[in-house]
Amino acid sequence: QVQLVESGGGLVQPGGSLRLSCAASGNIFSIYFTGWYRQTPGKQRELVARISSGDITNYADSMKGRFTISRDSAKNTVHLQMNSLKPEDTALYYCYAQTTTKNYWGQGTQVTVSS
């Protein structure tokens, strides 16, 4: 089992920045991808970014150059630094961890970009 706890969401003005954090606990050695998805009402959940156990990163095209995913291995935490935020980035952001047997999800943290 893997447990994920997210933090860092909130309200920010367009052009602003936020940093999301996802702390993992439990059987963390079974994780080979950790990342973030986001979802807005009426739409499917979409991948934002992910980082592998070997620190290889992947981003959705619309996030490239604005978002950065990183890992703090000492704290078993993955961060998502989001810069140049746009109103269309408003969504519920979910942390996930992918293992060989299943995916685990956090509870979600709301990001709202509005003036």
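Residues numbered from 1 in each chain as written. Predicted model: local features only at pLDDT ≥ 70, side-chain atom pairs only at ≥ 80, totals over all residues. Heavy atoms only, no water.

1. Focus on the state of the cysteines
Step number 1: According to the stated counting rule, one finds 1 disulfide in the structure shown.
Step number 2: In this model Cys 22 forms its disulfide with Cys 95; the gap between the sulfur atoms is 1.9 Å. On the S-S bond that ties Cys 22 to Cys 95, the torsion sits near -80°, and the link is left-handed. Here Cys 22, found in strand S3 (residues 18-26), pairs with Cys 95, found in strand S9 (residues 91-99); they are 73 residues apart in sequence, far enough to count as distant. No difference in accessibility class separates Cys 22 from Cys 95, as the two residues are buried. (Disulfide = S-S within 2.5 Å. Helix = DSSP H or I, 4+ residues; strand = E, 2+ residues; numbered from the N terminus. Buried < 20%, exposed > 50% of the residue type's maximum accessible area, 1.4 Å probe, protein only.)

2. Digging into the pattern of salt bridges
Step number 1: Counted under the stated rule, the structure contains 5 salt bridges.
Step number 2: With a closest N to O distance of 3.2 Å, Asp 61 and Lys 64 form a salt bridge. For the pair Asp 61 and Lys 64, a shared accessibility class is recorded, and that class is exposed.
Step number 3: Between Arg 66 and Asp 89 there is a salt bridge; the shortest N-O distance is 2.7 Å. Residue Arg 66 is located in the loop between strand S6 (57-59) and strand S7 (67-72), and its partner Asp 89 is located in the loop between strand S8 (77-82) and S9; the two are separated by 23 residues in the primary sequence. Each member of the pair, Arg 66 as well as Asp 89, carries the same accessibility label: buried.
Step number 4: One salt-bridge network, in which partners are shared between bridges, spans Arg 38, Glu 46, Arg 66 and Asp 89. (Salt bridge = Lys/Arg side-chain N within 4 Å of Asp/Glu carboxyl O.)

3. Some points on the pairing of S8
Step number 1: In terms of burial, S8 is largely enclosed, as 5 of its 6 residues are buried.
Step number 2: By the bridge criterion, 6 bridges tie S7 to S8 in an arrangement that is antiparallel. Residue pairing for S8: Phe 67 is matched across the bridge by Met 82.
Step number 3: A loop of 4 residues connects S7 with S8, the two strands running antiparallel in sequence, and Asn 76 in this loop sits at a positive phi of about 50°. (Pairing = 2+ DSSP bridges.)

4. Side note on the environment of Ile 56
Step number 1: Among the structural elements, Ile 56 can be located in the loop between strand S5 (46-52) and S6.
Step number 2: Sequence separation between Ile 56 and Asn 103 is 47 residues, and the spatial gap between their C-alpha atoms is 18 Å.
Step number 3: Excluding its chain neighbours within four sequence positions, the residues that come into contact with Ile 56 are Arg 50 and Ile 51. (Contact = heavy atoms within 4.5 Å.)

5. Re the side chain of Ser 21
Step number 1: Note that Ser 21 resides in strand S3.
Step number 2: Classification of Ser 21 by relative accessible area gives buried; the value is 13%.
Step number 3: Of the polar contacts made by the side chain of Ser 21, one reaches the side chain of His 79; its length is 2.8 Å.
Step number 4: Ignoring sequence-local partners within four residues, the contact set of Ser 21 consists of Val 5, Glu 6, Ser 7, Trp 36, Thr 77, Val 78 and His 79. (Polar contact = N/O pair within 3.5 Å; in protein donor to acceptor, adjacent residues only side chain to side chain.)

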